[in-house]
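Each chain, written out:
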Amino acid sequence: MHLGALFIASHVLTSGSVRETARRFQLSPSTVSTAIHNLETELAMKLTERASGELATLIASGRVLEGLEPIMAAIGELGQWAGHAGAEIDEAWTSRIPVKIVTMERFLEVADQGSINRAARRLRLGQPQLSLQLANLEKFLKHRLFERQAQGSVLTEEGRRAYQIFMAISQAWNDLKSSADERYRRTARSLRIGSIIPTGSESWVARCLGSLVSEWNLRRNNNAISLVSMTADDLREALKNGRIDVAILDSVFGLENFRHRELLQTDMVVIAPPDSTETSVAELVAGHPICMPSPRTGLGHAAMAFSYERAPNRRLRGQDITAADSLPVIVDLVANHGYVSFLGRVSAMPIADKVRIVDLDEHLPMSYHVAFNHRKAAADACTVIIEAAARITSETVARTIRPADAGARETAA
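Residues numbered from 1 in each chain as written. Predicted model: local features only at pLDDT ≥ 70, side-chain atom pairs only at ≥ 80, totals over all residues. Heavy atoms only, no water.

1. Observations regarding the overall build of the protein chain
Right, so step 1: Within the protein chain one finds 17 helices and 13 strands.
Right, so step 2: Across the 413 residues of the protein chain, 47% fall into the buried class.
Right, so step 3: By sequence separation, contacts in the protein chain at least 24 residues apart represent 70% of the contacts at least 6 residues apart.
Right, so step 4: Approximately 20500 Å² of the protein chain is accessible, and the part contributed by carbon and sulfur atoms is 50%. (Helix = DSSP H or I, 4+ residues; strand = E, 2+ residues; numbered from the N terminus. Buried < 20%, exposed > 50% of the residue type's maximum accessible area, 1.4 Å probe, protein only. Contact = heavy atoms within 4.5 Å. Areas by Shrake-Rupley, 256 points an atom, 1.4 Å probe, with all protein chains shown as cover.)

Shown next, in the form of structure tokens:
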């Protein structure tokens, strides 16, 4: 992180606007956005978010602004010393200060050691590399900072002034970072599990996650469990960008670079209103509005294709088909508002008292999966989830095999 970016980010948090900051400092909006993003990354916390196209600062930004105050004061002093501040700070120059905090800390180390050689060894850097960084720092500030003597490097008068400024910045930055480092350690210890949204507390997904938490804590694992439910699309993105470690979802499409295991097998069924009388899927699809998971999910994609194939002359051709990535909402629409939908049998069985389950006229297999990253804790959690799923689903749907299929297999045997 360099000082110019800190100055830019501080102004964004104060003004609440990327574009206003860009105009004021004569920078591109992308440069300003990068500055605030880098600060969020360094501090391991979210400071802003987009709301209706506008930037909104979060509560945490107030604390960060307080922590940045001594840094901003020191940057102002630096600009005055370097001849770029009069009655007011030269914002255009300040927003472009290329000096990195790590470079300042290396300067402080050389000053404390009184020798570039000793500082290079402590920093595990090559002496030429460290000497070049100091030379570039002197060139930018237009002041000679060290006198090279036989016994080492001694600060000049200008160097002592720079030392005071850089020490103030370093101490304030380390104070900000210390709380961020602790947040990072807590996050690193946490095992983040993401799942498709369960139909309710009685669903196999909810019960699997409940079993995971209970068993995990009984084992007194070092990693605390953190749970979140979201759509299948969001689960893929969250796993890819590292926001979760394990994902329970109905398709591993797009996750080829992650380890994954099959969680359970089932087949697709129709769920219909409890008072409906239609006996075939075609009649149900033709006579009721449909609500189903969006086509972005594995289940939604298969259900959408199936419903169109079975009802090519469907009234309004899809205008009464609603996509909803909330299974509790889908269940309510079916149970109370006359809709029909499609679910995996394993998800439909626990809500059989609320809806009518109708078999398809052909067996349409489905499978659920767990995908996970490289962490050993993630693999351990997957094993527990798979064991829980096998136990829970066997209690309710007899290994998710339809009665007709089971009878056929017994006859064949």
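2. Thoughts on the side chain of T21
Right, so step 1: Examined against the element boundaries, T21 turns out to sit in helix α2 (residues 18-25).
Right, so step 2: One polar contact links T21 to S15, side chain to side chain, over a distance of 3.4 Å.
Right, so step 3: If we ignore the near neighbours within four places in the chain, the residues touching T21 are I8, H11, V12, S15 and V32. (Polar contact = N/O pair within 3.5 Å; in protein donor to acceptor, adjacent residues only side chain to side chain.)

3. Section: the packing of helix α6 (residues 101-113) against helix α7 (residues 116-123)
Right, so step 1: Running from amino to carboxyl end, α6 crosses α7 at an angle of 125 degrees, the nearest separation of the two axes being 8 Å. On the basis of their axis angle, the class for α6 and α7 is oblique. You can see that α6 and α7 cross each other, and the crossing is right-handed. Seen from α6, the contacting residues are R106, E109, V110 and Q113; seen from α7, they are I116, R118, A119, R122 and L123.
Right, so step 2: Each residue belonging to the contact of α6 with α7 can be placed in one class, and the counts come to four nonpolar, one polar and four charged. (Axes fitted to C-alpha atoms, helices over the stretch in contact; angles between N-to-C directions. Parallel < 35°, antiparallel > 145°, perpendicular 65-115°, else oblique. Left-handed = near helix turned anticlockwise from the far one by under 90°. Nonpolar A, V, L, I, M, F, W, Y, C, P; charged D, E, K, R; others polar.)

4. Describing the nonpolar core
Right, so step 1: Judged by nonpolar contacts, the single largest core of 57 residues is most densely connected at L3, L6, L39, I71, F107 and F166.
Right, so step 2: Within the residue set of this core, elements represented by two or more residues are α1 (3-15), α2, α3 (29-43), α4 (60-81), α6, α7, α8 (127-141) and α9 (157-189).
Right, so step 3: If one sorts the elements of this core by residue count, α4 sits on top with nine residues. (Core = buried A, V, L, I, M, F, W, Y, C linked by side-chain atoms within 4.5 Å.)

5. Observations regarding the pairing of strand β13 (residues 365-372)
Right, so step 1: Counting buried positions along β13 yields seven of eight residues, so the element is predominantly enclosed.
Right, so step 2: Of the strand pairs in this sheet, strand β7 (residues 246-249) and β13 are connected by four bridges, and their pairing is antiparallel. The partner of V246 across the bridge, within β13, is F372.
Right, so step 3: With eight bridges joining them, strand β8 (residues 259-272) and β13 adopt antiparallel strand pairing. Counted as the bridge partner of T266 is M366 from β13. (Pairing = 2+ DSSP bridges.)

6. A look at the pattern of salt bridges
Right, so step 1: For the structure on display, the rule yields eleven salt bridges.
Right, so step 2: Taking the shortest distance from any N to any O, the salt bridge between E109 and R122 comes out at 2.7 Å. In this pair, E109 is assigned in helix α6 and R122 in helix α7, connecting sequence segments 13 residues apart.
Right, so step 3: Taken together, the shared-partner salt bridges connect R192, D245 and R375 into one network. (Salt bridge = Lys/Arg side-chain N within 4 Å of Asp/Glu carboxyl O.)

7. Remarks on the packing of aromatic side chains
Right, so step 1: Counted according to the given criterion, the structure contains five aromatic pairs.
Right, so step 2: Taking the centre distance of 5.6 Å and the plane angle of 5 degrees together, the rings of W93 and F140 count as stacked. Here F140 lies in helix α8 and W93 lies in helix α5 (residues 91-94), a separation of 47 residues in the sequence.
Right, so step 3: A residue is classified by how much of its surface remains accessible, and W93, at 13% relative accessible area, is buried.
Right, so step 4: In this structure an aromatic cluster arises from ring pairing among F107, F146 and F166. (Phe/Tyr/Trp six-rings, centres within 6.5 Å; stacked < 30°, edge-to-face > 60°.)

8. Some remarks on unusual backbone geometry
Right, so step 1: The backbone of Q26 shows a phi angle near 60 degrees, a positive value even though the residue is not glycine.
Right, so step 2: Mapped onto the secondary structure, Q26 falls in the loop between α2 and α3.
Right, so step 3: One non-glycine residue, K142, adopts positive backbone phi at about 60 degrees.
Right, so step 4: Relative to the helices and strands, K142 is located in the loop between α8 and β3 (146-149).

Geometric descriptors of this kind do not, in isolation, establish any biological role.
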